[in-house]
Amino acid sequence: MNLCRNLTVVRLRKIMRKGFAFIMALIVFLLSLPSDLVVKASQPKVMVVDYKIVQKEIIAGQTFDLAVTIKNTGSRYVDNLKISVTSDTGDIVPAEGAGNGFLEELPNGEENTFTFRLKAADGLVEKSYKLSVVNEYDDIWGNPYSATDVIYLPVKLEQRASITDLYVADDAVLGESVEIVGSVNNMGAGMLYNVRARIESKSMEELDTFIGNIETGKSGSIDILTNAVSTTASTGDMSKVIVTYEDKEGNETELEGIFKVTVESPVYDNVEKIKDDSQSSNRGLIYGIAAVVIVIAVGMVCAVRRHKRKKKILEEF
């Protein structure tokens, strides 16, 4: 039994010596490689592969949600990942928390999406603003790494408008012109582009008019000259003015204003005058006919006399 035990010990020692020799050879091989090659082979890489604005657009002075997707593009997983979104100029700041996200580990080849609640500062102009996305993480040996990606977020100014002072300038009479007037007010921070107004009504011809651009804090005039095409009840008819305007990218917004109009049939002021005019017209017609008859009669008399005179002259010869 002692002999078997001694043989086992000898074999274990040989195995240990071979294993030790292999480990030492591996260490020597790794040390012989260029240091930058070793670092590159083992360095994990985390980067931004996608981002989107949840609300589709960012308005100056308002909050929004930004979804950022990162991916471990390296060959090893990473630990203790921290992601931060920062703006050097303070144009875009966290609306909730500190603008950070954490993840215990991210395996190689996998992605993860973080959503941040942010706010665009008041008073910004319409343009794209820079936002840095910083990823900090450790490799499997605990070595720290950091990677920064830059994204650009377009900020728009709020557009807000109203329609006021909408009314019919004069009494509406069937078949006559009707003028619709009012105001379009720019109550937002952004310019209103290509403002137009059109009328929708059962009693008036539907027409439109171009107003133009309206700067913030100012108003544009609605002035539509249309025609009354049908009468309404004595209580009037509800009609609409539809106003459309565009933002800087040409996206159109529509709002409407409602007003009441009453279209009446034509009314003559002096019925007696109409009767007198009618009687005068009838008398004139009678006088004209009588004059024609007299002229014809006179002509016939003159013709008869000429005939008799001619006959008498011929008899004398």
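Residues numbered from 1 in each chain as written. Predicted model: local features only at pLDDT ≥ 70, side-chain atom pairs only at ≥ 80, totals over all residues. Heavy atoms only, no water.

Peer 1: Before we move on, can you summarise the nonpolar core with the specific residues and values?
Peer 2: Soluble globular proteins tend to bury their nonpolar side chains together. Of all hydrophobic cores here, the largest spans 30 residues; its most connected members are Phe64, Ile70 and Leu81. Within the residue set of this core, elements represented by two or more residues are β1 (46–53), β3 (63–72), β4 (78–86), β7 (111–120), β8 (127–138) and β9 (144–156). Top contributing element to this core by residue count: β9, with 5 residues. Each residue touching Phe64, except ones within four places of it in the same chain, is listed here: Ile53, Gln55, Ile58, Ile92, Phe116, Arg117, Leu118, Lys119, Ala120 and Leu153. Grouped together as the second largest cluster of nonpolar side chains are 24 residues, Ile163, Val195, Tyr245 and Val263 included. (Core = buried A, V, L, I, M, F, W, Y, C linked by side-chain atoms within 4.5 Å. Buried < 20%, exposed > 50% of the residue type's maximum accessible area, 1.4 Å probe, protein only. Helix = DSSP H or I, 4+ residues; strand = E, 2+ residues; numbered from the N terminus. Contact = heavy atoms within 4.5 Å.)

Peer 1: With reference to specific residues and values, describe the pairing of β9.
Peer 2: Pairing of strand β2 (residues 58–59) with β9, which is carried by 2 bridges, proceeds in the parallel orientation. Looking at β9, one finds that Ile58 is bridged to Val155. Bridge count between β8 and β9: 12 bridges; the pairing is antiparallel. Note on β9: the bridge partner recorded for Val134 is Thr148. Count of turn residues in the β8/β9 antiparallel hairpin: 5 residues, of which Gly142 carries a positive phi of about 85°. (Pairing = 2+ DSSP bridges.)

Peer 1: Could you give an account of the environment of Thr231, naming the residues involved and the relevant values?
Peer 2: With respect to the helices and strands, the residue Thr231 is situated in the loop between β15 (219–227) and β16 (237–246). Put simply, Thr231 and Glu264 are 33 residues apart on the chain and 5.4 Å apart in space, counted from C-alpha to C-alpha. Look past the residues within four positions of Thr231 in its chain and what remains in contact with it is Leu174, Val263, Glu264 and Ser265.

Peer 1: Please provide a residue-by-residue account of the sheet that holds β8, values included.
Peer 2: Read from one edge of the open sheet, 5 strands run β2-β9-β8-β4-β6, paired in mixed fashion. The open sheet is flanked by β2 and β6 (100–106), the only strands paired with a single partner. In this sheet, β8 lies alongside β4 in antiparallel orientation, the contact comprising 6 bridges. Considered in β8, the bridge of Ser84 is made with Val134.

These figures capture arrangement, not role.
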